[in-house]
Amino acid sequence: MSTFVELAEKRRSVYALGTDSKYTQKDIEARIREVVKQVPTAFNSQTTRIVVLFDEASTKFWDHIYDVQKNVLEGGMVDWMNGVVTGAKNGIGTVLFFEDRDAVKEMPAQGAREEAYKQNNNANAQYGVWLALAEMNLGASLQHFNVGYEQGFDKATKEMFNLPASYEMIAQMPFGSIEQELSEKEHIDTDVQVKVFS
Ligand SMILES: Cc1cc2nc3c(=O)[nH]c(=O)nc-3n(C[C@H](O)[C@H](O)[C@H](O)COP(=O)(O)O)c2cc1C
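Now for a look at the structure at hand. Quantities reported herein were computed from a predicted structural model and do not represent experimental measurements.

1. Quick notes on the packing of aromatic side chains
- Counting across every chain of the model gives six aromatic pairs.
- Look at phenylalanine 54 and phenylalanine 175: their rings are 6.2 Å apart centre to centre, the planes differ by 90 degrees, and that puts the pair in the edge-to-face class. Taken together, the residues phenylalanine 54 in strand E2 (residues 48-54) and phenylalanine 175 in strand E5 (residues 167-178) connect sequence positions 121 residues apart.
- The buried category is assigned to phenylalanine 54, whose relative accessible area is 14%.
- For phenylalanine 175, a relative accessible area of 0% translates into the label buried.
- For the ring pair tryptophan 62 and phenylalanine 145, a centre distance of 6.0 Å and an interplane angle of 90 degrees mean the geometry is edge-to-face. Of this pair, tryptophan 62 sits in helix H3 (residues 55-69) while phenylalanine 145 sits in the loop between strand E4 (138-140) and helix H7 (155-160), and the two are 83 residues apart along the sequence.
- Judged by its relative accessible area of 0%, tryptophan 62 falls in the buried class.
- Taken together, the ring pairs in this structure connect Phe61, Trp62, Trp80 and Phe145 into an aromatic cluster.

What follows is the structure, encoded as structure tokens:
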């Protein structure tokens, strides 16, 4: 049993993914459901919507991302995207993070604050799910392909999985077994990040 801080240290961005896990799709689904249920949201608004893709559903999603992004990205970014997409397709699945704009509108907040709360609600879910996956020894990364509700960039994804038009795609998290060495991460001085007074 690891402590929370050990779990936080264990969570990293992992791009080379595989399918070597003792956890079933049902186990993973159950953990994601539980953690998302407990995520704090502004005014307990619970605006976040999660879509978990396994097998062909995940492959279909990443094929779509590749088809769109290969025409959008330039130069080395295509190679980078290709690496992410290949890693994702080699993994176990993908978590898609949405915000339901109809639910967001119900929050007693407008303008910049509404936008901030929407993003914060979703970020809490992203981190919670990322930690839950790490606890199961699963690697994951956070991606932002085809994001853009106003421009309709996420429309095809919603149509692919028959999701409501009010869903706004915020991020994607491909996950699977960890098939790479993780490099040391640089940390800024904690005194810059944290100040303490008494
Ligand atoms: C708001 C946010 C956006 C991010 N966007 C991306 C992204 O689009 N693609 C990506 O590969 N990683 C993305 N990341 C992952 C960070 O690059 C990564 O967490 C950071 O470099 C620290 O590395 P670690 O995750 O291994 O601790 C994002 C992370 C955050 C918090």
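2. As for helix H4 (residues 76-90)
- The first and last C-alpha atoms of H4 sit 21 Å apart over 15 residues, in line with the 21 Å expected at 1.5 Å per residue.
- Within H4, burial applies to Met81, Val84, Val85, Gly87 and Ala88. The buried side chains of H4 occupy one side of the element, clustering within an arc of 160 degrees when seen end-on. Facing away from the buried surface of H4 by more than 90 degrees, the exposed residues are Gly76 and Asp79.

3. Notes on the site of the ligand
- Every residue lining the ligand is accounted for by Arg11, Arg12, Ser13, Tyr15, Trp80, Trp130, Leu142, Gln143, His144 and Lys185.
- At a separation of 3.0 Å, a nitrogen atom of the ligand approaches a polar backbone atom of leucine 142.
- One of the side-chain N or O atoms of histidine 144 is found 3.0 Å from an oxygen atom in the ligand.
- Looking at the shell around the ligand, its residues break down into four nonpolar, three polar and three charged.

4. So, the pairing of strand E3 (residues 93-100)
- Among the eight residues of E3, eight are classified as buried, and the element is accordingly described as predominantly covered.
- Burial of E3 is two-sided: the residues Gly93, Val95, Phe97 and Glu99 facing one way and the residues Thr94, Leu96, Phe98 and Asp100 facing the other way are all buried.
- In the sheet, E2 pairs with E3 via seven bridges, with the strands oriented antiparallel. If you follow isoleucine 50 over to E3, its bridge partner there is phenylalanine 97.
- Examined bridge by bridge, E3 and E5 share eight bridges and lie antiparallel to one another. Residue pairing across strands places valine 95 opposite methionine 173, the latter belonging to E5.

Reading the values: rules and limits
- Residues numbered from 1 in each chain as written.
- Predicted model: local features only at pLDDT ≥ 70, side-chain atom pairs only at ≥ 80, totals over all residues.
- Heavy atoms only, no water.
- Phe/Tyr/Trp six-rings, centres within 6.5 Å; stacked < 30°, edge-to-face > 60°.
- Helix = DSSP H or I, 4+ residues; strand = E, 2+ residues; numbered from the N terminus.
- Buried < 20%, exposed > 50% of the residue type's maximum accessible area, 1.4 Å probe, protein only.
- Expected span 1.5 Å × (residues − 1).
- Arc of directions from axis to C-beta.
- Near = heavy atom within 4 Å.
- Polar contact = N/O pair within 3.5 Å; in protein donor to acceptor, adjacent residues only side chain to side chain.
- Nonpolar A, V, L, I, M, F, W, Y, C, P; charged D, E, K, R; others polar.
- Pairing = 2+ DSSP bridges.

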